[in-house]
Every structure is written in structure tokens, then in C-alpha cells.
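# Secondary and tertiary structure notes
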Amino acid sequence: MAQTAAAQPATVTCEDCGRRYPLVGDIPCLVHDPDRTLAQWRARVHAFERDNREAQDRLLAQLVGSGDLHPATRTRTQSLRDALADHRLRLTTLARDAGVISAPGAQNDADGVPGESTLTAYYHQIHRDWGWEEREGERDENGETALALAEVEHVLGPTPRLGEMLVLGAGACRLPWELHRRYADSTLAIDLNPVPFWVASRILRGEAIALFEFPIRPRSTESVAVDRRLRLDVTADCASRFKFAFADGLDPPVRPHAFDTVFTPWFIDQIPKDLTEIFATLHEYFRQVAPGSTTGR
Ligand SMILES: C[S@@+](CC[C@H](N)C(=O)[O-])C[C@H]1O[C@@H](n2cnc3c(N)ncnc32)[C@H](O)[C@@H]1O
């Protein structure tokens, strides 16, 4: 891909076909119809703002309409309402920084998984991946990424070498990142959901991103809205070899046999497609390996 420097919006050009694709927050949007995808994302921001305001209004109605609210309930409701206002600002700023400005329209994406057409789809995974370790100043006893990494390492055996890795449905990217920094030469992460990629790509550039988590089961009044500063110490060289692309994981814009490893974390079991068809397609992306070679997986 060749990248333009000056023109707005910035684009990348496919070296094979010459087609130009927009960069959305520094991430190339390599979908079949980028204008349609961008219109959907603008509509998602718009719907998120509307829903967020409605949620705040409902909380305000509880605060002013119920004189007999328990003091703890009042405190919790007020904190939640305050946090929702900041949450809206933070997410819309994240989108705006990527060049996606709120606009009404259709937010459905026929290519994606049903239920993934909101701005906050899989939002909790961002906190699971980049925030939970620092919960209340302690390491997360849950350690989901560590557990998943151990499972993958078990399958990979004693000397994993992932070479050039393609990750489909990479989401918030922590597990792909941990595999990349240990075992891969380079990684291309693909997904269609914008917010987790915007956050992950900025964290891997060394930025700290402030976001609220709204736990389903808060452990205390204070934790109805957890204000996190998501960041990670990364080596710039290692991070520069971890690339992102918005693209359809079922039809990724990659050359056949370009990768040593194709990783599909919680993806092939999620998409509404027959596994035998998916495996036939995935096979196309693997680098051809000479019989007896130990370099491919
Ligand atoms: C269950 S989540 C898993 C995310 C991440 N791999 C993890 O383990 O937390 C499924 C992911 O697949 C992505 N996805 C769904 N359909 C897709 C498609 N056709 N192409 C690329 N990504 C897709 C979703 O946006 C979401 O990030």
C-alpha cells in the first residue's frame, strides 16, 4: 500500500489495482464500499449520542422525580449520569479524531454479525484487554488474556514461530498483541468494528486513552462507572510491525499464501457462516510450505 501525505481525507492506494481507500484514524479502510461503511459509522455515532442523552434523561427523571430515593441510590444515579455525559464526549471525540463525525443514517451492516452495528459493540472487550489488569490498583485476578495466551501457547508447542500473522476479527487486540510481541515477525489485524481498533492502535502508539467502563455487576457504588486510563508500555519497533486494517475477515484484502499464521480468536465461532467454507477460504491465505518444512503452521 502507498500512502498519501497531504490530501484530505488521507488515502492509501492498492499497489495491485490502483484503487484508493480512506484512512480512518490512521487505519486503512479496505472494505468493498468505504463510503457506505463510513456513512454507517457516522450513523452509529449519531445513534450513540441519542441513546446516551436518553439514558441521561431517564436518570435525571429518577433523581428529580423520586424524593424518597435512598441516599446511596441517589449517589449512584448521579455518578452514573455524570459519567455518561463524559462517556459521550470521550467516544465522540475518539470518533472525531478518526475523522468520523456524527450524522443520521442507517447503521446496519449486512456484512457483519447481527447485533454488532452499534458504536459500543464489544466495548467491554476494550476494558477487558487494556484495563482490567489495573483494577483498583491491583493486577486483575481474572487475567483473561493470560489464560487465553497460555491455551494458545499450549497448542503452539515449545518453540512457537508465527512469522507473518494475519488476525481475523481481532477486536480490542490484546491477545493478538501478546502473541505478536513474543512470536511473530509482523501482524496484520483485521476487523470491521471501529472503536476497539481506534483504541488499540492508539495504545500501541504509546498513547493513554481515558474511557469509562460500565460494569454489568458493579462491586460498589463507586464502580458503577469506572474511569480508566488505558495504556501500555510498548516498544515502538515491535508496535510498528503490528498493523491494522478495517476489512471483511471473510474476504480479506490480502494476497494468497501471504501469511505463515492465520489466527481467528473468537471469530470463526461467532460469524454466521459454515465452518467448512471458512476453512477452505482460510487455507488460501497460508504461505505454501514445502513438504517436511517446519516453518509453517
Ligand atoms: C466475539 S468478538 C472477538 C473479538 C476478539 N478477537 C476477542 O477475542 O476478544 C468477534 C469480532 O469479530 C469481528 N467481526 C465480525 N464479523 C466480521 C467480519 N466479517 N470481518 C471482520 N471482523 C468481523 C467483530 O467486530 C468482533 O471484533
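Whatever comes next refers back to the structure up there.
Summarised in this report is the structure supplied together with it. Computed from a predicted structure; not experimentally measured.

### Description of the overall build of the protein
Of regular secondary structure, the protein possesses eight helices and ten strands. When each of the 297 residues of the protein is scored for burial, the buried share is 45%. Partitioning the contacts of the protein with sequence separation of at least 6, the portion at a separation of at least 24 is 66%. In the form shown here, the protein has an accessible surface area of approximately 15,800 Å², with 51% of it arising from carbon and sulfur atoms.

### Examining the sheet that holds strand β10 (residues 261–263)
Read across the open sheet, the four strands follow the order β9-β6-β5-β10; overall the sheet is parallel. One side of each edge strand has no neighbouring strand; the edge strands of this open sheet are β9 (242–246) and β10. Neighbour-to-neighbour, the strand axes of this sheet turn through a mean angle of 20°, independent of strand direction. Here five bridges tie strand β6 (residues 184–191) to β9, and the two strands are oriented parallel to one another. Looking at β9, one finds that A189 is bridged to F244.

### Focus: the nonpolar core
By size, the foremost hydrophobic cluster in this structure holds 50 residues, and its most contacted members are W130 and W198. In terms of residue count, helix α6 (residues 194–203) provides more of this core than any other element does, six residues in total. With sequence-adjacent residues up to four places away left out, W198 is seen in contact with V24, I27, W41, L94, A95, A98, V100 and F246. Counting residues in each nonpolar core, the second largest holds 21 residues, with L23, L188, A245 and F267 among its members.

### Structural notes on the environment of L232
Turning to its location among the elements, L232 is positioned in the loop between β8 (226–230) and α7 (236–240). Separated by 24 residues in sequence, L232 and A208 place their C-alpha atoms 7.7 Å apart.

### What about unusual backbone geometry?
A positive phi angle is found at D26, which is not glycine, with a value near 70°. Among the secondary structure elements, D26 is positioned in the loop between β3 (20–24) and β4 (27–28). Its relative accessible area of 53% is what places D26 among the exposed residues. Here the phi dihedral of C173 falls at roughly 80°; this positive angle occurs in a residue that is not glycine. Position of C173 among the secondary structure elements: in the loop between β5 (163–168) and α5 (174–183). Assessed through its relative accessible area of 1%, C173 is described here as buried.

### Comments concerning the site of the ligand
The ligand sits among 20 residues. The nearest are R128, G169, D191, G249 and P265. One of the side-chain N or O atoms of D191 is found 2.5 Å from an oxygen atom in the ligand. For the ligand, a nitrogen atom lies 2.8 Å from a polar atom in the side chain of D248. About the coverage of the ligand: the protein hides 96% of its 590 Å² of free accessible area. Considering only residue class, the shell around the ligand consists of nine nonpolar, six polar and five charged.

### Description of the packing of helix α1 (residues 34–65) against helix α2 (residues 71–97)
Where α1 contacts α2, the two axes come as close as 10 Å, and the packing angle between them is 165°. Relative to α2, the element α1 lies roughly antiparallel. Crossing angle aside, the handedness with which α1 passes α2 is left-handed. On α2, the residues touching V45, F48, E49, N52, R53, A55, Q56, L59, L60, Q62 and L63 of α1 are R74, T77, Q78, L80, R81, L84, A85, H87, R88, L91, T92 and A95. Considering only residue class, the contact of α1 with α2 consists of eleven nonpolar, seven polar and five charged.

Calculation criteria
Residues numbered from 1 in each chain as written. Predicted model: local features only at pLDDT ≥ 70, side-chain atom pairs only at ≥ 80, totals over all residues. Heavy atoms only, no water. Helix = DSSP H or I, 4+ residues; strand = E, 2+ residues; numbered from the N terminus. Buried < 20%, exposed > 50% of the residue type's maximum accessible area, 1.4 Å probe, protein only. Contact = heavy atoms within 4.5 Å. Areas by Shrake-Rupley, 256 points an atom, 1.4 Å probe, with all protein chains shown as cover. Pairing = 2+ DSSP bridges. Axes fitted to C-alpha atoms, helices over the stretch in contact; angles between N-to-C directions. Core = buried A, V, L, I, M, F, W, Y, C linked by side-chain atoms within 4.5 Å. Near = heavy atom within 4 Å. Polar contact = N/O pair within 3.5 Å; in protein donor to acceptor, adjacent residues only side chain to side chain. Nonpolar A, V, L, I, M, F, W, Y, C, P; charged D, E, K, R; others polar. Parallel < 35°, antiparallel > 145°, perpendicular 65-115°, else oblique. Left-handed = near helix turned anticlockwise from the far one by under 90°.

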